[in-house]
There are 2 protein chains.
Amino acid sequence: MNDLETYVRQVSRDARTASQLLTTASGATKNAWLKRTAELLRARQSQLIDANQQDITRADEFGLSAAMIDRLRLTPERIEAIAAAAEEIVMLADPIGEVIDSSVRPNGLNVRRIRVPMGVVFFIYESRPNVTVDAAALCVKSGNAVILRGGKEAFHSNHALHALLTEALTDVGLPPTAVQLVNTTDRDAVGYFLAQSGLIDVAIPRGGKSLIERVSAEATMPVIKHFDGICHVYVDRGADFDMGERIIVNSKCQRTGVCNTAESLLVDAAIADRFLPRVSKALQEQGVELRCCERSQPLMPGSIRATEQDFATEYLDLILSVKVVDDVHAAIDHINKYGSHHTDSIVSNDLPATEAFCARVDSAAVMVNASTRFNDGNELGLGAEIGISTDKFHARGPCGLRELTSYKFVVHGNGQLK
Amino acid sequence: MNDLETYVRQVSRDARTASQLLTTASGATKNAWLKRTAELLRARQSQLIDANQQDITRADEFGLSAAMIDRLRLTPERIEAIAAAAEEIVMLADPIGEVIDSSVRPNGLNVRRIRVPMGVVFFIYESRPNVTVDAAALCVKSGNAVILRGGKEAFHSNHALHALLTEALTDVGLPPTAVQLVNTTDRDAVGYFLAQSGLIDVAIPRGGKSLIERVSAEATMPVIKHFDGICHVYVDRGADFDMGERIIVNSKCQRTGVCNTAESLLVDAAIADRFLPRVSKALQEQGVELRCCERSQPLMPGSIRATEQDFATEYLDLILSVKVVDDVHAAIDHINKYGSHHTDSIVSNDLPATEAFCARVDSAAVMVNASTRFNDGNELGLGAEIGISTDKFHARGPCGLRELTSYKFVVHGNGQLK
């Protein structure tokens, strides 16, 4: 075992030990840690900004774009926002100890399924330093120890934040190894962590597709994956046209670089000639480039012709593919074929159409008369989220506190034998 | 792509198509299929026994032991038991469509989390032919298509059972490809199936450790794993001695070759000199070999000395390791270190001891004053099970219908924008 592997093994073991102590930590203690973290964030503002400045100074070395440097930057306002986010997690109900369901068996055994922490989370992420505190807060509140592996671009910022998180842990009597930051940017370290299936219970990569693919391929433990969002808005013959226009404009334009933004507009053939010209204008006023099928292009002046590939593309930009479909069933078939099972919306006041859409579209979130942008932990009522799962296994859609937990069966008897 | 890979791809695609149709199949239709399956099992008894005889005749070729041949054999009684098991699944509530939870958001969005099928299950198992029907019944009742890969020893039996299952599917108007049996015993086929992560949603291996390890290593989709059961009974100073004796004898001896049987007895030092001599006699009368720690050996005449390795061994035999521990906390630490997080039992009438045990033992099932043997889908009220998960992710402990499902967020609005 080389030095790096020995280090990884020790970090993983320390995390496991901390997780055993966290299992029985009270909600009050975990909340005290979140409040103390928020206090320290505010008190250490200038030190945090100094550390962040070291990262900003080196940003050119890593070839960061202006947008990436902006995301990396810590300001007094952003530090306040991080502190406020930690305080919001205080307000969320503690998921641990919940009796999920229970029954008394005919032989008198009392069976309860009780929510427990997952154990140890390995969280791999890229540049934004606020994610360091958000992820630690969600993991510890749900009773888990976390091993944080941040991006090399944010190395100094993350170290300053991590020092503060562990100081707060010590202050409230929780093990400081409940939150560990990997102290090397060596890429091989990730591989060694992904081999620790006996000590790490779940790996959560948050970043680009290549990161997620690497983690999925190498991990020996379960992975919460977050792949593409190829999201659709389907405007049905039963739609209110004004609502349809507002929803597609919002779903496409409110924020283009995120997974729950719409990439494709489907329109019922029965209304295409009336609906498409008006929405074409509204979208082009927002600067959206339209890539249309054969039937929609003549109805959308200024659009260009889409290729087959367009309908399977996550643009993350002001580009929208458009297709005319024969009816709601054709829309559903298109979505299940070309979509990424993330978020799809129908605009219609026709009950059979919306019911068919909800039943048959195989996506993490199905929206009726609402923007695709609402697929988000806060918007759906889960509170803060550590990611959005595109898997069907364990967690689907936004992952909040509950999705970081497991359960155990607790069975009370009075001497029953099988 | 070679012929085998083309075949695997086609089977996986057909399963995906069938799963889309199953998503909206009614509970009545799925139950009609189960009832028709039971009818056909009874009607085709002699053909099934003929097919099974072909496997029995070849059993020597595969080097099967007498016990393995017995497990492979179909008799009129066993066929009736398989039919009755299918009828029992009719009685279980349909999990699909359940509203798991719901909320109305401040902006009026109505958010529901609705239980949906997982999609396509790849189930890999070994010899017993009844598993073919059990697994198909659980998968289809929970709205999933299933690809069955049985053992080569049961090839003819499985083909006869599969023909009957698909006939019943056609009879009730469900797609026959909802249940497919892999028509080759080529081991490479398993590898190709494990690469179909876009078409198969979960792989479930049921068999020996090497099978589960192979599937875990190769699968590109999530796997429900079922590893060792190193289960403990801890007899505390607060125990009723009679109950303690009955529970350890039942946990060890009721059936030795299964995962929820006890492999280790821990006894509180405060009662060791009174409890161990009597239980030593009771266990040795059942033919149990006792492997003891330094402190317990003098109290158990006829026992031998345990090695460190004994405490980490799943014997699956009439052998029990025995250790004296200082108190309930030492018992918990021992279990979390040497156990396999499967099933552990405390015998005690002392509330703080049982509460500490339930809170801190990190196992799928924790029993108080009951045999470890109760960790079983039927006993815990889940109904039939497709396996017992030793993971914490998605499903922990017995996996019944509910554990074969996922969920989606279904969101209704009236034009909300973000």
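First things first, this report covers the structure right here in the doc. (Residues numbered from 1 in each chain as written. Chains lettered and ligands numbered in written order. Predicted model: local features only at pLDDT ≥ 70, side-chain atom pairs only at ≥ 80, totals over all residues.)

## Considerations on the overall build of chain A
Link 1 in the chain: Assigned secondary structure in chain A consists of 13 helices and 16 strands.
Link 2 in the chain: For 418 residues, the compact-globule estimate of 2.2 N^0.38 gives 22 Å, and the C-alpha radius of gyration of chain A, at 24 Å, lies within 12% of that figure.
Link 3 in the chain: The C-alpha extent of chain A, read off along each of the three principal axes, is 70 × 65 × 40 Å.
Link 4 in the chain: Per-residue burial for chain A yields a buried fraction of 53% across its 418 residues.
Link 5 in the chain: Within chain A, contacts between residues at least 6 apart in sequence are counted, and of these 72% link residues at least 24 apart. (Helix = DSSP H or I, 4+ residues; strand = E, 2+ residues; numbered from the N terminus. Rg over C-alpha atoms; globule rule 2.2 N^0.38 Å. Buried ≥ 20, exposed ≤ 12 C-beta atoms within 10 Å, placed from the backbone. Contact = placed C-beta atoms within 7 Å.)

## Here we look at the packing of helix 12 (residues 328-338) of chain B against helix 13 (residues 351-360) of chain B
Residues and elements named next belong to chain B.
Link 1 in the chain: Their axes nearest at 10 Å, the elements helix 12 and helix 13 cross at an angle of 20 degrees. Classified by the angle their axes make, helix 12 and helix 13 are roughly parallel. Along this stretch, helix 12 crosses helix 13, giving a crossing that reads as right-handed. For the pair helix 12 and helix 13, the contacting residues are Val328, His329 and Ile332 in the first and Ala353, Ala356, Phe357 and Arg360 in the second.
Link 2 in the chain: Its residues placed into classes, the contact of helix 12 with helix 13 shows five nonpolar, one polar and one charged. (Axes fitted to C-alpha atoms, helices over the stretch in contact; angles between N-to-C directions. Parallel < 35°, antiparallel > 145°, perpendicular 65-115°, else oblique. Left-handed = near helix turned anticlockwise from the far one by under 90°. Nonpolar A, V, L, I, M, F, W, Y, C, P; charged D, E, K, R; others polar.)

## Some words on the sheet that holds strand 16 (residues 405-416) of chain B
Link 1 in the chain: Pairing is mixed in the open sheet, where 10 strands are placed in the order 10(A)-9(A)-11(A)-8(A)-7(A)-12(A)-13(A)-16(B)-2(B)-1(B). Each edge of the open sheet carries a strand with a single partner, namely strand 10 (304-305) of chain A together with strand 1 (99-104) of chain B.
Link 2 in the chain: Sheet analysis places strand 2 (residues 110-117) of chain B next to strand 16 of chain B, joined by eight bridges and oriented antiparallel. Bridge assignment links Arg112 of chain B to a residue of strand 16 of chain B, and that residue is Val410 of chain B.
Link 3 in the chain: The sheet contacts of helix 10 (residues 241-253) of chain A involve strand 7 (231-235), strand 8 (262-268), strand 11 (319-325), strand 12 (343-347) and strand 13 (365-370) of chain A together with strand 16 of chain B, and relative to strand 12 of chain A the element is tilted by about 160 degrees. (Pairing = 2+ DSSP bridges.)

## Section: the environment of Tyr7 of chain B
Link 1 in the chain: Residue position: Tyr7 of chain B is located in helix 1 (residues 3-22).
Link 2 in the chain: Of the residues examined, Tyr7 of chain B has 17 C-beta atoms within 10 Å and is grouped as partly exposed.

## Quick notes on the relation of the copies chain B and chain A
Link 1 in the chain: When chain B is fitted to chain A, the best match, at an RMSD of 0.0 Å, comes from turning it 180 degrees and sliding it 0.0 Å along the axis. The superposition operator between the copies reduces to a two-fold rotation axis. The rotation axis passes nearest to the C-alpha of His394 of chain B in chain B, at a distance of 1.9 Å.
Link 2 in the chain: When the interface residues of chain B are mapped onto chain A, 100% of them again fall at the interface, so both copies present the same face. (Least-squares fit on C-alpha atoms with pLDDT ≥ 70 in both.)

## With respect to the packing of helix 1 of chain B against helix 8 (residues 187-194) of chain B
Two measures define how a pair of helices packs: the angle their axes make with one another and the distance between the axes.
Residue and element names in this part refer to chain B.
Link 1 in the chain: At a minimum axis distance of 9 Å, the contact between helix 1 and helix 8 shows a crossing angle of 50 degrees. Regarding the angle of helix 1 to helix 8, the classification is oblique. Every pair of crossing elements has a handedness; the one defined by helix 1 and helix 8 is right-handed. Contacts from Leu4, Glu5, Val8 and Ser12 in helix 1 reach Asp188, Ala189, Tyr192 and Phe193 in helix 8.
Link 2 in the chain: Looking at the contact of helix 1 with helix 8, its residues break down into five nonpolar, one polar and two charged.

None of the figures reported here should be taken as evidence of function without further support.
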